[in-house]
Amino acid sequence: MEALPRTPAARPAGPDAALAPARTPAAATAVFASLGALLTAAARHRPLRRRPGELRASAAALRALRARRGDAPALVRTRAGQTVLVLLDPQDLRRFYREPLSVLAADAPRTCPDLSTHEAGRDGDGPGCARGEPRPDRRRMSADVLAAGLPVHPAAGPILTVVAEEARHLTATGTLELQRARHAVSRAARRVVLGDPAAEDDELAGWLTQLRAGEGRLRGGRTRAARAVRDKVRARIREYARHAGDDTLVGRAARHAAPLDTADPGGAVDPADEARLWLLAMDAVPATLLRTLLLLGAHPCEQDAAAAEASAEAAAWPGRGELPRLRACVRESLRLYPVVPDLVRVTRAETEWRGVRHPAGTAVLLPAAFHQRDPERVPAAHVFVPGRWKNPAADRDIRMAPFSHGGGRCPGDQLGLMITAAFCAGVLRGHRITGTRPVLDPVGPLPVTLDPHGVRLTLTRR
């Protein structure tokens, strides 16, 4: 990893200038090597299960880089030779989120775990990364179907009924692990998106698993196998869509979609394709659910307050779906352990950042996890403090981006919060978390990474 010299605004920013080797002290080598690990992770096709301490070292490297170079964006080169512009100041984050995709195009990573950062391409099998502006008709459909900006979805009653029924799978035994959480959430997702008959459709679930596991091999229709799996998923979802009620997401989408022209299938948004993306987007829920419950297990007072809220809502107004305290806990979990820790976009033309020009094709990295847990600028950065989200301004804090900001903000953020909080409530109403693995320090700094595969919760009936 090398730090590259700054290019003055008056100096041509051609390829030779951009890739000029840096003359940095030997002491900086370790800093940039650690930063290189973070940048390499940002370009991977899926989130890494990092070694303990690896991300912490990268955060330390970013702080050291900021201390040496100031708050201005730093142009660095990874060990693989990729040149990346790293944003170290929250003020630059505003521009990153404000710029349209026609200026800063979403590019790497090619596959992202949820809809909070990148929009899928037309044939994307997951919420992938678009290289242009989202289509207006797709944007309108998603905003309407997912009820963007509304804390409680118009179909909250049926949705929360589904969640309550499927949450029983989470407490069927005395322990809760990732596999059980995935099973319950997957069933709920199929029922919410497609309708109750899809709950038992294990074949569709298997196809979706293939799409998720295939990553780059299944993107863009590059192989016959990819097309075959995608076509089977599309056909199955269309069958459900024909009979879906208005309280399902695909049913709501069908009401707003223009008739699909078989001669020009690219001319209209296909509700089946949107439904496939919504199903895949729900993959982020099980890990967030487990981490939130793990954090509540480590903080008994917060757990008791959340359980009281869940019970009070169920008694006073079942299906209301507000649960402000539990939503704050979910948001705080996502602040500490974001689904997408690093956002990468690519400049489409020569771009100037703080008086320094960078050529088209420059990768711009926003290390979201670093900024959300930056102890120099975020109070109690490494501590579970859900109360910080009670302030309405917290949602507009540019440093905090559980669901991104600006035009790239996830249109399903409120629906995702409602569903995840409802799953947490389903567990806490009748059970107490009395044991956790790993064991977290309730007052000390929380670990930087928290692999959901290693989370195991012990549940005791209240």
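Parameters at a glance
Residues numbered from 1 in each chain as written. Predicted model: local features only at pLDDT ≥ 70, side-chain atom pairs only at ≥ 80, totals over all residues. Heavy atoms only, no water. Helix = DSSP H or I, 4+ residues; strand = E, 2+ residues; numbered from the N terminus. Buried < 20%, exposed > 50% of the residue type's maximum accessible area, 1.4 Å probe, protein only. Contact = heavy atoms within 4.5 Å. Areas by Shrake-Rupley, 256 points an atom, 1.4 Å probe, with all protein chains shown as cover. Disulfide = S-S within 2.5 Å. Expected span 1.5 Å × (residues − 1). Arc of directions from axis to C-beta. pLDDT = per-residue confidence, 0-100. Phe/Tyr/Trp six-rings, centres within 6.5 Å; stacked < 30°, edge-to-face > 60°. Lys NZ or Arg CZ within 6 Å of the ring centre and 35° of its normal. Pairing = 2+ DSSP bridges. Axes fitted to C-alpha atoms, helices over the stretch in contact; angles between N-to-C directions. Parallel < 35°, antiparallel > 145°, perpendicular 65-115°, else oblique. Left-handed = near helix turned anticlockwise from the far one by under 90°. Salt bridge = Lys/Arg side-chain N within 4 Å of Asp/Glu carboxyl O.

**Describing the overall build of the chain**
In terms of regular secondary structure, the chain is built from 16 helices and eleven strands. Classification of the 462 residues of the chain by burial places 55% in the buried group. Across the chain, every contact between residues at least 6 apart in sequence was considered, and the portion connecting residues at least 24 apart equals 71%. When the accessible surface of the chain is split by element, carbon and sulfur atoms take 54% of a total near 19700 Å².

**Focus on the state of the cysteines**
Applying the stated criterion across every chain, the model contains zero disulfides. C329 carries a free sulfur, and the closest cysteine sulfur to it, the one in C424, is 7.8 Å from it. Classification of C329 as buried rests on a relative accessible area of 0%.

**Considerations on helix α9 (residues 224–243)**
For an α-helix the count is 3.6 residues per turn, leaving residues at separations of three or four pointing the same way. With 20 residues, α9 extends 30 Å between its outermost C-alpha atoms, agreeing within 8% with the 28 Å of an ideal straight helix rising 1.5 Å per residue. Turning to α9, its buried residues number three or more, namely A226, V229, R230, V233, R234, I237 and Y240. Relative to the axis of α9, the buried residues are bounded by an arc of 130° and lie together on one face. Along α9, exposed side chains directed more than 90 degrees from the buried face belong to R224, R242 and H243.

**A closer look at helix α16 (residues 413–428)**
The first and last C-alpha atoms of α16 sit 22 Å apart over 16 residues, in line with the 22 Å expected at 1.5 Å per residue. Burial analysis of α16 places 14 of its 16 residues in the buried class, the great majority of the element.

**Concerning the confidence of the model for the chain**
Of all residues in the chain, 76% attain a pLDDT of 70 or more, and the chain-wide mean is 79. Residue range residues 7–57 is modelled with pLDDT below 50. Its contacts to residues more than four positions away, or to other chains, number 93 contacts. Predicted confidence is poor over residues 216–221, with pLDDT under 50, and the contacts of this stretch with residues over four places away or in other chains come to 23 contacts.

**Details of the environment of D144**
Mapped onto the secondary structure, D144 falls in helix α5 (residues 136–145). Remark: the alpha-carbon pair of D144 and H256, spanning 112 residues in sequence, is separated by 8.5 Å. Ignoring any residue separated from it by four or fewer positions in sequence, one finds D144 in contact with R252 and H256.

**Some points on the environment of S102**
Its location among the elements puts S102 in the loop between α4 (90–98) and β4 (104–106). Under the relative-accessibility criterion, S102 is labelled partly exposed at 39%. Through-space distance from the C-alpha of S102 to that of A349 is 9.4 Å; in sequence the pair is 247 residues apart.

**Notes on the packing of aromatic side chains**
By the definition in use, this model includes one aromatic pair. Ring centres 5.7 Å apart and planes at 90° place the aromatic pair F96 and Y97 in the edge-to-face group. With respect to class, F96 is no different from Y97; both count as buried. Of note, R95 hangs over the ring of W353, and the distance from its end group to the ring centre comes to 4.0 Å. Sitting over the face of the ring of Y337, R373 holds its NZ or CZ atom 5.5 Å from the ring centroid.

**Re the pairing of strand β11 (residues 456–461)**
As judged from the two bridges shared by strand β5 (residues 175–176) and β11, these two strands associate in the antiparallel manner. Each bridged residue has a counterpart across the sheet, and for T175 the counterpart in β11 is T458. Examined bridge by bridge, strand β10 (residues 431–437) and β11 share six bridges and lie antiparallel to one another. Among the inter-strand pairings, G435 is bridged to a residue of β11, identified as T458.

**Observations regarding the packing of helix α12 (residues 284–298) against α16**
Between α12 and α16, the least distance of the axes is 10 Å, while the angle of their chain directions is 50°. Between α12 and α16, the interaxial angle falls into the category oblique. Of the two elements, α12 crosses α16, and the hand of that crossing is right-handed. The residues of α16 that touch α12, namely those facing V285, T288, L289, T292, L293 and L296, are T420, F423, C424, V427 and L428.

**What about the pattern of salt bridges?**
Taken as a whole and assessed by the stated rule, the structure comprises 31 salt bridges. Between E376 and R66 there is a salt bridge, and its shortest N-O distance comes to 2.9 Å. One end of the pair, E376, is in the loop between α15 (368–372) and α16; the other, R66, is in helix α3 (residues 54–69), with 310 residues separating them in the sequence. Judged by its relative accessible area of 54%, E376 is exposed. Assessed through its relative accessible area of 5%, R66 is described here as buried. D246 is the salt-bridge partner of R255, the closest N and O atoms lying 3.5 Å from each other. Several salt bridges share partner residues, and in doing so they unite E165, E166, R187, R191, D196 and E200 into one network.

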